[in-house]
Amino acid sequence: MHLNLYRRLRGDPWFVLGAGLALALGLLLLASPWLIRHDPYAMDFVPLSAPSAQHWLGVNDGGMDIWAELLTGFGNTLIFGLFTGLLGLGLGVAVGLSCAWFRGLYDLCLMRLADLLLAIPAVLVLILLAAYLRPSAWLLALVLALMAWPTSARVIRAQALTLQERSHLLAARQMGGSSFYLLGRHLLPELFPLYLIGFAALVRMAVFMEASLSFLGLFDPGRKSLGMMVGRALPYYYLEIGWYWLLPPVLLLTMLLLSITLLAVSLEKIFDPRLKEHW
């Protein structure tokens, strides 16, 4: 099964391209401590300087090295996305599995709560929260995860309800298996492909949300971010330095979102049986 899965992933151009981009970005992030030659927060250089051997992408209007700012902002944006994705997925898995297993009033209440959260536009909540309360990035990620779990929970609940009717689970239940054992030993691992799909979708949404809020200037102005760089570079687009300042964060953000999207589409295409016949 694992060999067959490996062959299918390797033969899917969407997965190969997405994984290649993700690998390149991961290597760039891992190498960033050696590639950053200046303190990204130091304002010691001549503002709006052109690229040089000392400053590979030049210096911004605040006298900060753009290359150091770019790699630091990339790391912050990615960490925000991964943290939100992991938290949102954990909540979605816990709620989805428990609702499918216990059903009844517990299931009804949580699914209505999920419907309510799905109807609320998360971006507006985050904008208001960031504008009026100025919370930390970690708190915003937590709020976003608390609002983003319903999609994963509904998908996992639906699939778990189907799996519960399979013979091996019915047999394990008749043999006296506890709820904890059946959930942990059978349902949890069998839904693993859905976790990958849900995680990729949550990370993509969180990265896009973080970049949008940073672009609008709603994050801490001292926190480096790709969206913040785009927002600050945009007024200087008519200068030569503007392109070295504006284009790199746009390209890096595009590559990051593209890699996550390609991986999510590929995983969904391979693991979701409803889509197989359409590809």
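Relevant structure appears above.
Everything quoted here is computed from the prediction, not taken from an experiment.

1. A look at helix α8 (residues 179–190)
Inference 1: For α8, built from twelve residues, the straight-helix expectation of 16 Å at 1.5 Å per residue is met to within 8% by its first-to-last C-alpha distance of 15 Å.
Inference 2: Residues of α8 that are buried: Leu182, Leu183, His186 and Leu187. Looking down the long axis of α8, one finds its buried residues gathered within 125 degrees of arc, a one-sided arrangement.
Inference 3: In the core, the buried residues of α8 are packed alongside α3 (66–102), α6 (137–163), α7 (167–174) and α9 (192–215).

2. A closer look at the layout of surface pockets
The gaps of empty space that remain are located by a probe, the size of a water molecule, rolled over the atoms.
Inference 1: Its boundaries defined by the atoms lining it, the second largest pocket holds a volume of some 330 Å³.
Inference 2: Around the second largest pocket, the lining is made up of 15 residues, and of these Ala22, Leu82, Phe199, Ile260 and Leu263 lie nearest the centre.
Inference 3: Secondary-structure elements contributing two or more residues to the lining of the second largest pocket are α2 (13–35), α3, α9 and α11 (240–271).
Inference 4: The element that contributes the greatest number of residues to the lining of the second largest pocket is α11, accounting for five residues.
Inference 5: Of the residues belonging to the lining of the second largest pocket, the class tally is 13 nonpolar, two polar and no charged.

3. Digging into a nonpolar patch on the surface
Inference 1: Judged by side-chain polarity, Ile79, Phe83, Trp138, Leu139, Leu142 and Leu146 come together as a nonpolar surface patch covering roughly 540 Å² of accessible area.
Inference 2: Counting only elements with at least two residues in the nonpolar patch, the list comes to α3 and α6.
Inference 3: Examining the composition of the nonpolar patch, we find that four residues originate from one element, α6, more than from any other.
Inference 4: For Leu139, the position within the fold is in helix α6.
Inference 5: Judged by relative accessible area, Leu139 falls into the partly exposed class, the value being 40%.

What counts, and at which threshold
- Residues numbered from 1 in each chain as written.
- Predicted model: local features only at pLDDT ≥ 70, side-chain atom pairs only at ≥ 80, totals over all residues.
- Heavy atoms only, no water.
- Helix = DSSP H or I, 4+ residues; strand = E, 2+ residues; numbered from the N terminus.
- Expected span 1.5 Å × (residues − 1).
- Buried < 20%, exposed > 50% of the residue type's maximum accessible area, 1.4 Å probe, protein only.
- Arc of directions from axis to C-beta.
- Contact = heavy atoms within 4.5 Å.
- 1 Å grid on protein atoms, 1.4 Å probe; cavity = no way out; pocket = protein on both sides within 12 Å on 5 of 7 lines; lining within 4 Å.
- Points joined across faces, edges and corners; volume = space filled by probe spheres on them.
- Nonpolar A, V, L, I, M, F, W, Y, C, P; charged D, E, K, R; others polar.
- Patch = residues over 30% accessible without salt bridge, like charges linked within 9 Å, V, L, I, M, F, W, Y side chains within 5 Å.
- Areas by Shrake-Rupley, 256 points an atom, 1.4 Å probe, with all protein chains shown as cover.
- Salt bridge = Lys/Arg side-chain N within 4 Å of Asp/Glu carboxyl O.

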